[in-house]
Each structure stands twice: as C-alpha cells, then as structure tokens.
Amino acid sequence: MTTMHTTTLPTTDDVRARVRDALRAVGSTAELAGPGEYGLPASTPITGEVLFTMAATTPEQADAAIAEAAQAFTTWRTTPAPVRGALVARLGELLVEHKADLATLVTIEAGKITSEALGEVQEMIDICQFAVGLSRQLYGKTIASERPGHRLMETWHPLGVVGVITAFNFPVAVWSWNTAIALVCGDTVVWKPSELTPLTALACQALIERAADDVGAPRGVSRVIQGDREVGELLVDDPRVALVSATGSVRMGQQVGPRVMARFGKVLLELGGNNAAIVTPSADLDLAVRAIVFSAAGTAGQRCTTLRRLIVHSSVADELVSRIVAAYRSLPIGDPSAEGTLVGPLIHETAYREMVGALEQARADGGEVFGGERHDLGDESAFYVAPAVVRMPAQTELVHTETFAPILYVMTYDDLDEAIALNNTVPQGLSSAIFTTDIREAERFMAADGSDCGIANVNIGTSGAEIGGAFGGEKHTGGGRESGSDAWKAYMRRATNTINYSSDLPLAQGVHFG
Ligand code: SIN
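For the structure given in this document, a descriptive report is provided here. Predicted model only: the values in this text are computed from it and were never measured. Residue positions are given per chain, counted from 1 along the sequence in the order it is written. In keeping with the model being predicted, local features are shown solely for residues with a pLDDT of at least 70 and side-chain atom pairs are shown and tallied solely at 80 or more, while totals for entire chains, interfaces and linings include all residues. Computation of side-chain values: all heavy atoms of the structure, hydrogens and water removed.

We now examine the layout of surface pockets. Approximately 1,200 Å³ is the volume attributed to the largest pocket. Both cavities and pockets are sets of points on a 1 Å grid over the protein atoms alone; in a cavity a 1.4 Å probe fits but cannot get out, in a pocket the set is open with protein on both sides within 12 Å along at least five of seven lines, and lining residues sit with an atom within 4 Å of a point. What lines the largest pocket is a set of 39 residues, and nearest its centre among them are Gly-248, Ser-249, Val-250, Arg-251 and Met-252. Sorting the residues of the lining of the largest pocket by element identifies helix H8 (229–237), helix H9 (250–262) and helix H12 (349–364) as the ones contributing at least two each. In this classification, the charged set is Asp, Glu, Lys and Arg, the nonpolar set is Ala, Val, Leu, Ile, Met, Phe, Trp, Tyr, Cys and Pro, and all remaining amino acids, among them Gly, are polar. Taken together, the residues that form the lining of the largest pocket break down as 14 nonpolar, 16 polar and nine charged. Grid points are joined across faces, edges and corners, and a volume is the space filled by probe spheres set on the points. Approximately 650 Å³ is the volume attributed to the second largest pocket. Segments assigned H or I by DSSP are reported as helices when at least four residues long, segments assigned E as strands when at least two residues long, and all are numbered from the N terminus.

This part covers the sheet that holds strand S19 (residues 455–458). Paired strands, as defined in this entry, are two strands with at least two bridges between them according to DSSP. What the seven strands build is an open sheet, ordered S12-S15-S16-S11-S10-S18-S19; its pairing is mixed. Each end of this open sheet is capped by a strand with a single partner; those strands are strand S12 (368–371) and S19. Put simply, the sheet's adjacent strands are angled 20 degrees from each other on average, direction ignored. As judged from the four bridges shared by S12 and strand S15 (residues 388–391), these two strands associate in the antiparallel manner. Pairing of Phe-370 across the sheet is with Val-389, part of S15. The angle between two axes is taken between their N-to-C directions and runs from 0 to 180 degrees, where each axis is a line fitted to C-alpha atoms and a helix contributes only its stretch in contact.

Take the pattern of salt bridges next. Between Lys or Arg on one side and Asp or Glu on the other, a salt bridge is scored when a side-chain nitrogen of the former is within 4 Å of a carboxyl oxygen of the latter. With the rule as written, the count across this model stands at 27 salt bridges. Arg-229 is the salt-bridge partner of Glu-233, the closest N and O atoms lying 3.2 Å from each other. Taken together, the residues span about one helical turn, with Glu-233 and Arg-229 both in helix H8 at a distance of four residues. Its salt-bridge partner being Glu-319, residue Arg-323 comes within 3.2 Å of it at the nearest N-O pair.

Side chains of Leu-505, Leu-507, Val-511 and Phe-513 sit close together on the surface and give an oily, nonpolar patch of about 460 Å² of accessible area. Checked against the element boundaries, Leu-505 lands in the segment after strand S23 (492–500). A patch consists of residues exposed above 30% relative accessible area that lack any salt bridge, with like charges linked at up to 9 Å and nonpolar side chains (Val, Leu, Ile, Met, Phe, Trp, Tyr) linked at up to 5 Å. A 1.4 Å probe and the Shrake-Rupley method give the accessible areas. Residues count as covered only by the protein chains that appear here.

The next subject is unusual backbone geometry. What is expected of a backbone is that most residues other than glycine have negative phi and most peptide bonds are trans. The phi torsion at Ala-300 lies on the positive side, around 50 degrees, for a residue other than glycine. Tracing the backbone shows Ala-300 in the loop between helix H10 (285–297) and strand S11 (307–313). Phi at Ser-485 is positive, roughly 50 degrees, even though this residue is not glycine. Following the sequence through the fold, Ser-485 ends up in the loop between strand S22 (482–483) and S23.

In this section: the packing of helix H1 (residues 12–26) against helix H4 (residues 99–110). Where H1 meets H4, the axes come as close as 9 Å, and the angle between the chain directions of the two elements is 145 degrees. Seen from above, H1 lies across H4 with left-handed handedness. Residue-level inspection shows Val-15, Arg-18, Val-19, Ala-22, Leu-23, Ala-25 and Val-26 of H1 in contact with H4, the latter providing Asp-101, Thr-104, Leu-105 and Ile-108. Helix crossings fall into two classes, left-handed where the near helix is turned counterclockwise from the far one by less than a right angle and right-handed where it is turned clockwise. Throughout, a contact is declared for two residues whenever any of their heavy atoms are within 4.5 Å.

Right, dumping it as structure tokens:
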C-alpha cells in the first residue's frame with residue numbers, strides 16, 4: 001500500500017528556533033544547553049534529533065520540591081475554594097493567550113499534528129473552566145439520621161500533595177486534568193512529566209508560576225521535577241505525597257500501585273487500553289469509516305484511546321475494510337507542523353521496532369496486512385509509518401496486547417453477543433464503541449452485560465473524549481477516573497459528620513449503654 005508524502009522535514013536548527021521562541025513567549029527562563037552537556041535530552045520525533053539538554057532534577061531538589069508543595073498545602077487547604085478557583089481561572093486565561101506557543105511545543109516533542117496539538121491545549125482551557133465552576137460546587141450530602149435531633153452530613157477536605165506522573169502522548173492535557181482539579185480541591189501538586197517531553201513541562205511550569213504570581217498564590221502550589229523513572233519513584237515512595245495520579249503503561253501501574261498502597265497512599269491509575277469498535281450490519285458506514293480512521297490512525301496510533309481492534313459483522317466486513325484501506329492510502333504522512341499532514345511520526349525507534357515486530361507476528365498468525373511500511377523522509381532518526389490494517393483470522397495473543405502504534409486488527413462476528421464477548425475479552429478496559437442505527441444494539445452495548453470498559457460510545461470512535469465526563473477505565477487500565485463529572489472526589493478526603501442538636505444522647509441501632 002502506498003501513502004502520499006506531503007512534506008520534507010524542517011531542519012533540527014529550525015525546530016530549535018521554534019522551541020526558543022515558544023519558551024520565551026510563555027515566559028520560561030529555563031536554561032537549555034546543547035546536546036551532550038546535561039543528562040536529560042529534549043528530542044523531537046520530527047527529525048529524531050536531540051534539540052537541547054537539561055539537568056535532571058536531583059533527589060535533593062525533588063525532596064525540596066515536595067517540601068515546598070507540602071508547605072504550600074498548609075495555607076492552600078484553608079484558602080476558600082472559590083479563591084483557589086481564581087488561580088485556575090488565571091491559568092486558563094494564560095493558556096488562551098499562549099495556546100499556539102504551547103501547541104508548537106506539543107507538536108515538536110510529541111509529534112502531534114498542529115490541529116491535535118491545538119486541541120490538546122484547548123482541552124487544558126476547558127478543564128480550567130470546568131474546575132473554576134467546580135470551585136463553587138464541592139458539594140457534600142446531607143443524610144437523614146435514624147436518631148431524633150440528629151443530622152448526618154458529608155464534608156470534603158483537601159488531601160495534601162498530589163504527585164502527577166504523565167506520559168508523552170498527552171504531554172500537557174493530562175497534567176491540567178489533574179492540576180486544575182487538584183488545585184481547586186485545595187491540594188498542591190508535584191508533577192513528573194515524561195522524560196520525552198521536558199520542554200512542554202517547562203512551558204506549563206512557567207505559566208502556572210505566572211498565574212500564581214498574578215493572583216498572589218504561593219508558587220509551591222505546583223512544582224515540576226524532571227528526569228527518568230527514578231525521579232518518578234521519589235513521588236511514589238514519599239509519604240508526604242497523599243495521592244499519586246499516574247498515567248502510563250500497565251507495567252508501570254503494576255509497580256506504582258502496590259508501592260503507593262504499601263504506604264497507605266492513594267493512587268489513581270490511567271493505564272493502557274486495547275480499544276475495540278463493533279460495526280453492526282445497520283451501521284452508517286460513511287460515518288463509521290470517518291470515525292474509525294480518526295480513532296485508529298490519528299495521533300499515529302499513540303493515544304491510550306486509539307482504536308486497535310475492529311469487530312465487524314461478516315456481512316459488511318469486506319466493504320468496510322476496503323473503504324478503510326482506501327482512506328488510509330490518502331492520509332498525508334509527514335512533518336506534523338506542516339499544513340495538511342494528518343499522520344505525524346512515531347515517538348522513537350523503539351515504538352517503530354515494536355510496530356514492525358507486531359506486524360511480523362500478525363503475519364505469522366495468519367493475518368493479512370495492509371500498509372505499515374516506513375516512509376523515508378530523509379532523516380534516518382525519524383520514524384514515519386503508514387498506518388496498518390490487519391485482517392486477523394482470530395483474536396490471537398497478539399491482539400490482546402497493546403502495541404502503541406497505528407495498527408488496526410480486524411475480526412468478524414455473526415452475533416452481537418459474540419461481538420460483545422470479543423470486545424470484553426482483552427485484559428484492558430479503557431474505551432469501546434459500537435456503530436449501529438439499531439437502538440436495541442446500542443442500549444445492549446451500554447448495558448450491564450455490554451461493554452466492560454470505562455468508556456462505551458455509540459456512533460463515535462473510541463478516542464477524543466470531552467473533559468466533562470470522567471475519563472478512565474477498568475481492569476488492567478487501572479480503575480482511576482480523571483477530568484470531569486465527579487472525578488474530583490479522588491482528590492479530596494471525605495469526612496462523615498454526625499451532629500446532635502438535641503439534649504439527649506440516643507445511640508444508633510437502639511443500643512443502650514449504662
Ligand atoms: C488519551 O489519554 O490517550 C486519550 C484521550 C482522548 O483521546 O480523549
């Protein structure tokens with residue numbers, strides 16, 4: 001399969017200049033050195049080259065950052081929630097002002113096409129607006145008491161320092177999902193971004209510090225520590241960190257979860273997905289093809305919510321696959337910052353090697369592969385690939401594994417129960433979708449014996465969630481919920497208060513004592 005090349009790549013020096021401009025615009029004074037000077041490289045998948053290096057946070061500096069956040073918490077927790085909201089409102093204003101600057105950095109470090117990078121920053125603005133509203137709605141319940149002259153109620157209090165660990169593929173939005181909510185809840189934040197995206201983290205830190213200065217909040221409300229896994233482990237093991245909210249692989253979650261729980265810290269995990277869409281005979285195929293191509297090939301297949309498995313009724317499978325393959329052929333692949341590009345690079349060579357390995361295994365399992373070839377855009381260190389569609393004879397072990405690349409496995413079904421069982425058979429449980437115009441099928445998919453995922457959509461793809469809903473999934477996805485709805489409750493502690501306004505002391509359950 002051949003796919004259109006759209007652009008030549010910019011030079012690495014050109015990309016460096018864009019980074020400097022964007023960081024200057026957001027007000028970052030961070031020092032950037034040349035390749036080889038410091039231990040933490042900042043690279044771009046656009047050319048595959050190292051742009052700058054930075055000093056990684058030392059354990060002493062990380063300790064100081066956590067101490068600063070813990071100190072800030074002592075005053076932030078009693079700052080009225082609507083006043084805390086003013087900080088998040090200011091951050092939102094700065095994000096509006098610097099939307100393009102931040103999106104430039106997202107494109108450069110994560111390889112997202114401009115429209116998706118702008119969308120990611122828009123998501124930050126949206127969550128800030130949501131959190132500001134929430135700052136006046138941290139409601140508790142009033143509960144009827146069984147005792148005369150008594151009242152029960154719930155109050156919600158700030159938790160403490162929240163450690164936020166994020167992945168490369170949403171280098172800014174996931175920080176803001178956590179930080180905007182945590183801040184209005186009265187918590188303070190220490191962020192460990194992916195080591196693949198340190199520049200966007202510098203920009204976010206510059207913006208939150210400006211926002212804090214503008215509203216008179218202590219800078220300690222939000223700190224950043226940079227480096228590899230060991231730096232993240234400092235958050236995981238530190239008893240001053242009340243909640244660790246970690247986004248990443250299932251393997252990472254399997255390590256982080258038990259370590260945090262062993263010290264009785266709280267954990268919020270948003271781990272891998274292996275998302276499926278069911279296409280029924282009644283589906284609007286025009287709509288389904290558009291949604292499937294965005295969900296499977298968008299972001300070069302590097303979203304947690306990327307569509308990885310298509311479960312198609314056998315009566316429409318041939319037509320659907322040939323339409324998807326045709327759409328894939330017309331996808332412009334290339335420089336993600338160039339106008340018109342729809343598929344940017346894979347994040348690094350390892351991601352490419354994993355994609356190649358998965359496609360080899362798919363062939364060995366009897367799969368028929370369309371696409372998947374590498375595009376040589378003149379820079380050997382950059383990895384541009386055509387998204388792949390693979391018709392599989394069955395759900396093999398390979399299909400149960402999340403490969404973080406644009407591979408869409410297609411399987412067929414004849415009966416909806418079988419399709420739902422296939423949807424649910426993988427260990428992960430993040431996102432899912434059904435394409436149907438039959439209300440019975442749609443409702444069945446969303447019912448208790450339907451999809452077992454945290455997200456179950458009808459007639460839209462598996463990716464591209466809005467911030468208003470709670471985001472996250474079940475099983476190996478980790479069970480956490482971030483962003484909208486009542487996800488804020490994970491960032492607070494609940495107290496149950498029983499108030500006796502009588503002059504008697506009746507005991508619950510009719511107990512008599514003395
Ligand atoms: C992700 O976290 O990978 C995806 C979020 C989304 O697609 O909405």
